[in-house]
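Here is how the chains run, residue by residue.
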Amino acid sequence: MRRLLFMAIVLFASSAALFADGESDGAGEKAICTKNMDASVKPGDNFFEYVNGGWIKSHPVPPEYSQYGAFTILYEENQKKLRSLIEKVSAQENAPKGSVAQKIRDFYNSGMDTVAIEKLGVKPIQKELNKIIELKNNEDVVAYMATMQRYGMAPVFYFFASADQRNSSMEIANLYQGGLGLPDVDYYLNDNESSKKLRESYVNHLTKMFQLIGENEEQAKKSADAVMAFETKLAGVSFTRVEQRDPVKNYNKMTLVQLKETAPGYDWDSFFKSLGLEDPGDINVGQIKFFKGVSDLMNETDMATWKAYLTWNLLDASANYLSDDFVKQNFEFYGKTLSGQPEMQPRWKRVLGVVSGGLGEALGQLYVEEYFPASSKERMVTLVNNLRAAFGQRVAKLDWMTDETKKKAQEKLDAITVKIGYPDKWRDYSKLEIVPGSYFDNIIAVREFGFNRNLKKIGKSVDKAEWGMTPQTVNAYYNPSNNEIVFPAAILQPPFFSPDADDAVNYGAIGVVIGHEMTHGFDDQGRQYDKDGNLNDWWTEADANAFKEKTDKLVALFDNYVVLDSLHVNGNLTLGENIADLGGLNISYQAYQNSLNGKTPEPVDGLTSDQRFYMGYAQVWRQNIRPKALEQSLKTDVHSPGEARVNVPPFNIDAFIKAFNVKEGDKLYIPKDDRAYIW
Ligand SMILES: [Zn+2]
């Protein structure tokens, strides 16, 4: 179900699997703690180091992480809270069958029962492996691909329901490119030494996985080579991540008849029939080029390759829930080789992450009852209102936008809906059956439940009350087709949101987060959606051109930012996020000034309120990251690394330049003409 939230734009890309143990240094500490700084660094030379240098030195990445920062620490504290909730629930031995308590208990316990899991070995997937062996022709292949979709696996492409981007109140079927085992197209197609080496490691990993299901070395190598060759062809017809950021290019709504004409080589009748969906209605085909390519591949791919490829997809999506040999091999490649992470997380954390994902709102309900005070919600409502007013003031004063477009922008801003903490209506898990015993069977039950739930939406109206993140997620998002901003309970904690901190720091942290999410409605993607969440251009041509001219400056600034040896940030890939950070800083600063009503607060620890505002922002992004993980994130993540998020956007802001007395000659100084003044 990775793609369900495809259109939602999150604050921070992180994978639960990356996280593990760490000490708490959120609560109980001063809002800005001078020991976390490195005052020997000039703010204008490296603002990230100036604010976070002390913290960075004292928090090396622990072995079971690929990165470690403010998000990690909050996540870690959450894990402990969730564990105690699960343990409380697990103690209820008499929980009635079918109750949420029974499901949480049995799911978690089945994942922790390593004796049973070891004993089973490859057995849980044997039936599926046999089905693949028996495939005879393309029709069989397509029908089995549909079965795999049901299991939450996505060979070749993703299939899911989501809002029609041009009719945002209706759910339609979507096809979206996928099917690659490496994190990005680049890894398959780049000709440099490091990519070649990585491809070798990948083939080696594939070989070992095939050996684990009983193929001898020669067979396994052959299977691995076939998978690699097939995926390389898929990569060749895939959109790049930058291309995927264009909502218009990725919107191609058509009927089933048109789909069959567009990609005639793929047996769509067999696919939909196997899904039990004879009439899928309108279908959005994300990437025409890709599905045409898949259509061609159907004709030129032999049965042995299909079998190897589908077997690999099954293994890849199952490895973590099988015996230790599978888990270890999977970590060896995806954890160690790709992310540079030396050690795996302890089992309880991994299983907890799975339960927290699969029974997300069930656990979420317990989480907010125990840990989310009503007062936090009230304070957030006030903050969001202040931010919205400040954004409106700034729009009114923009010197580059015509009144006509400003009016539409204000309407869209006023129409943004806000969700805070947790959903009004909790998800119903009554149809999900979780049994004591087989971890893998429970995984499949959860995935099928999710898939069926999603499939049923096709052709119905969008449930705008639904949440795309669980309350226990440390993150936030903007969903353009709902024109909504969403803040789960778990992000409303220090260092983002602290009841004890001074306003300067809170506006710099959670205030900027709110402004960041609001700005997503007006970034290079979001601005193409109207107030009702439809992909519908409301800009005059001149205003669109003026916007582009400004955002090009931001692209150039990030393109030029070097984070690791010769590695740069990709300014086009990260543009939406960078616009949102810059907008968030400006809007929240304005809201903070409004709240001061002309007064200037006394400095704290020698730091002015303006300085504390920007430092509140900078410490949210403190982070240590392993070089391999950084390299991967530069290729795949639409977010710039924490260091660049701190060292570029503020240097476009006059109030920041003044607050820290940044001067020409300072390393991060940006000449006025090159600065991006957008929102
Ligand atoms: Zn964002």
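Here the structure is a predicted model, which means the values were calculated and not measured.

### A look at the overall build of the protein
- When you go through the protein residue by residue, the secondary structure sums to 27 helices and 12 strands.
- Expected size for 679 residues packed as a compact globule is a radius of gyration near 26 Å; at 25 Å, the protein falls within 12% of this value.
- Overall, the protein is about 75 × 55 × 50 Å in size when its C-alpha atoms are taken along their principal axes.
- Within the protein, counting contacts between residues at least 6 apart in sequence, those at least 24 apart form 76% of the total.
- Approximately 27200 Å² of the protein is accessible, and the part contributed by carbon and sulfur atoms is 50%.

### Focus on the sheet that holds strand β8 (residues 477-479)
- Taking strand neighbours across the sheet as the criterion, the four strands line up as β1-β8-β9-β7 in an open arrangement whose pairing is mixed. Every interior strand has two partners, whereas the edge strands, β1 (9-10) and β7 (417-421), have only one.

### With respect to helix α13 (residues 288-300)
- A rise of 1.5 Å per residue sets the reference length of α13, with its 13 residues, at 18 Å; its end C-alpha atoms lie 19 Å apart and thus fit the reference within 8%.
- Restricting attention to buried positions, one finds in α13 the residues Phe290, Phe291, Gly293, Val294, Ser295, Leu297 and Met298.

### A look at helix α17 (residues 360-371)
- For α17, spanning 12 residues, the distance from its first C-alpha to its last is 16 Å, which sits close to the expected 16 Å at 1.5 Å a residue.
- Tucked into the core, α17 has its buried residues touching α2 (70-90), α3 (100-112) and α16 (347-358).

### So, the packing of helix α9 (residues 217-237) against α13
- The N-to-C vectors of α9 and α13 enclose an angle of 150 degrees; their axes lie 8 Å apart at closest approach. In terms of orientation, α9 and α13 fall into the roughly antiparallel class. For α9 against α13, the interelement crossing comes out right-handed. Each of Phe230, Lys233, Leu234, Gly236 and Val237 in α9 lies in contact with α13, whose residues at this interface are Lys289, Phe290, Gly293, Val294, Leu297 and Glu300.
- Its residues assigned to classes, the contact of α9 with α13 comprises six nonpolar, two polar and three charged.

### A look at the environment of alanine 319
- Inspection of the secondary structure assignment puts alanine 319 in the loop between α14 (303-318) and α15 (324-339).
- A relative accessible area of 0% means that alanine 319 is categorised as buried.
- Spatially, the C-alpha atom of alanine 319 lies 9.2 Å from that of valine 122, the residues being 197 residues apart in sequence.

### Some words on the pairing of strand β3 (residues 157-164)
- Across the eight residues of β3, eight count as buried, placing the element largely inside the fold.
- Both β3 and strand β4 (residues 167-177) contribute to a ladder of eight bridges, which runs antiparallel. Its bridge partner being in β4, tyrosine 158 is matched across the sheet by tyrosine 176.

### Some words on the nonpolar core
- Phe47, Phe157, Phe159, Trp268 and Trp679 are the most contacted members of the largest nonpolar core, which has 201 residues in total.
- Setting aside anything within four residues of it in sequence, one finds phenylalanine 47 in contact with Tyr614, Met615, Ala618, Val646, Asn647, Phe651, Phe656, Phe660 and Leu668.

### What to know about the sheet that holds strand β6 (residues 283-285)
- Read from one edge of the open sheet, four strands run β3-β4-β6-β5, paired in mixed fashion. Two strands in the sheet have a free side with no partner beyond their single neighbour: β3 and β5 (253-254).
- Where α13 meets the sheet, its contacts fall on β3, β4, β5 and β6, and the angle it forms with β4 comes to roughly 45 degrees.

### Overview of the confidence of the model for the protein
- The predicted model of the protein has a mean per-residue pLDDT of 94, with 96% of residues at 70 or higher.
- Per-residue pLDDT stays below 50 along residues 1-5; that stretch engages in 12 contacts with residues further than four places along the chain or on separate chains.
- Note that residues 15-27 has pLDDT below 50 and, in this model, 44 contacts with residues that lie over four places away or in other chains.

### Here's the deal with the packing of α2 against α17
- For the pair α2 and α17, the least separation of the axes is 10 Å and the interaxial angle reads 105 degrees. Viewed along their axes, α2 and α17 adopt a mutual orientation that is roughly perpendicular. Of α17, the residues touching α2 (which contributes Asn78, Lys81, Leu82, Ser84, Leu85, Ile86, Lys88 and Val89) are Leu363, Leu366, Tyr367, Glu370 and Tyr371.
- Along the lines of polarity and charge, the residues of the contact of α2 with α17 split into eight nonpolar, two polar and three charged.

### Some details on unusual backbone geometry
- Of note, the amide linkage connecting proline 494 to proline 495 takes the cis form, showing an omega dihedral of 5 degrees.
- With respect to the helices, strands and loops of the structure, proline 495 is situated in the loop between β9 (484-488) and α21 (503-520).
- Backbone geometry at aspartate 565 places phi at a positive 45 degrees, although glycine is not the residue there.
- Locating aspartate 565 in the fold gives a position in the loop between β10 (562-564) and β11 (567-568).
- A residue is classified by how much of its surface remains accessible, and aspartate 565, at 73% relative accessible area, is exposed.
- Although it is not a glycine, aspartate 605 sits at a positive phi angle of roughly 50 degrees.
- Relative to the helices and strands, aspartate 605 resides in the loop between α23 (575-596) and α24 (609-620).

### Focus: the side chain of threonine 405
- With respect to the helices and strands, threonine 405 occurs in helix α19 (residues 403-415).
- For threonine 405, a relative accessible area of 1% puts it in the buried group.
- For threonine 405, the contacting residues outside a window of four places in its chain are Trp538, Trp539, Thr540 and Asp543.

### Digging into the pattern of salt bridges
- A complete count under the given rule lists 32 salt bridges for this structure.
- Note that glutamate 370 and lysine 88 form a salt bridge whose closest N and O atoms lie 3.6 Å from each other. Here the residue glutamate 370 occupies a position in helix α17, and lysine 88 occupies one in helix α2, the gap between them amounting to 282 residues.
- The class for glutamate 370 is partly exposed, based on a relative accessible area of 45%.

### Observations regarding the packing of aromatic side chains
- Using the criterion set out here, one finds 53 aromatic pairs in the structure.
- Measuring from centroid to centroid gives 5.3 Å for phenylalanine 271 and phenylalanine 272, while their planes differ by 80 degrees, and the two rings are edge-to-face. The burial state of phenylalanine 271 is the same as that of phenylalanine 272; both residues are buried.
- Pairwise contacts between aromatic rings join Phe47, Tyr50, Tyr507, Tyr589, Tyr592, Phe613, Tyr614, Phe651, Phe656 and Phe660 into one cluster.
- One residue, lysine 635, lies across the ring of tyrosine 187, its end atom 4.8 Å from the ring centre.

### Quick notes on the environment of leucine 557
- Checked against the element boundaries, leucine 557 lands in helix α22 (residues 541-559).
- Judged by its relative accessible area of 17%, leucine 557 is buried.
- If we ignore the near neighbours within four places in the chain, the residues touching leucine 557 are Val648, Asn652, Ile670 and Asp674.

### As for the environment of lysine 222
- Take lysine 222: it is sitting in helix α9.
- Along the backbone, lysine 222 and phenylalanine 210 are 12 residues apart, and their C-alpha atoms lie at a distance of 9.7 Å.

### Some words on the side chain of serine 323
- For serine 323, the position within the fold is in the loop between α14 and α15.
- At a separation of 2.7 Å, a polar atom in the side chain of serine 323 contacts the side chain of aspartate 325.
- Serine 323 has contacts with Ile117, Glu118 and Gly121, leaving out every residue within four places of it along the chain.

What counts, and at which threshold
- Residues numbered from 1 in each chain as written.
- Predicted model: local features only at pLDDT ≥ 70, side-chain atom pairs only at ≥ 80, totals over all residues.
- Heavy atoms only, no water.
- Helix = DSSP H or I, 4+ residues; strand = E, 2+ residues; numbered from the N terminus.
- Rg over C-alpha atoms; globule rule 2.2 N^0.38 Å.
- Contact = heavy atoms within 4.5 Å.
- Areas by Shrake-Rupley, 256 points an atom, 1.4 Å probe, with all protein chains shown as cover.
- Pairing = 2+ DSSP bridges.
- Expected span 1.5 Å × (residues − 1).
- Buried < 20%, exposed > 50% of the residue type's maximum accessible area, 1.4 Å probe, protein only.
- Axes fitted to C-alpha atoms, helices over the stretch in contact; angles between N-to-C directions.
- Parallel < 35°, antiparallel > 145°, perpendicular 65-115°, else oblique.
- Left-handed = near helix turned anticlockwise from the far one by under 90°.
- Nonpolar A, V, L, I, M, F, W, Y, C, P; charged D, E, K, R; others polar.
- Core = buried A, V, L, I, M, F, W, Y, C linked by side-chain atoms within 4.5 Å.
- pLDDT = per-residue confidence, 0-100.
- Salt bridge = Lys/Arg side-chain N within 4 Å of Asp/Glu carboxyl O.
- Phe/Tyr/Trp six-rings, centres within 6.5 Å; stacked < 30°, edge-to-face > 60°.
- Lys NZ or Arg CZ within 6 Å of the ring centre and 35° of its normal.
- Polar contact = N/O pair within 3.5 Å; in protein donor to acceptor, adjacent residues only side chain to side chain.

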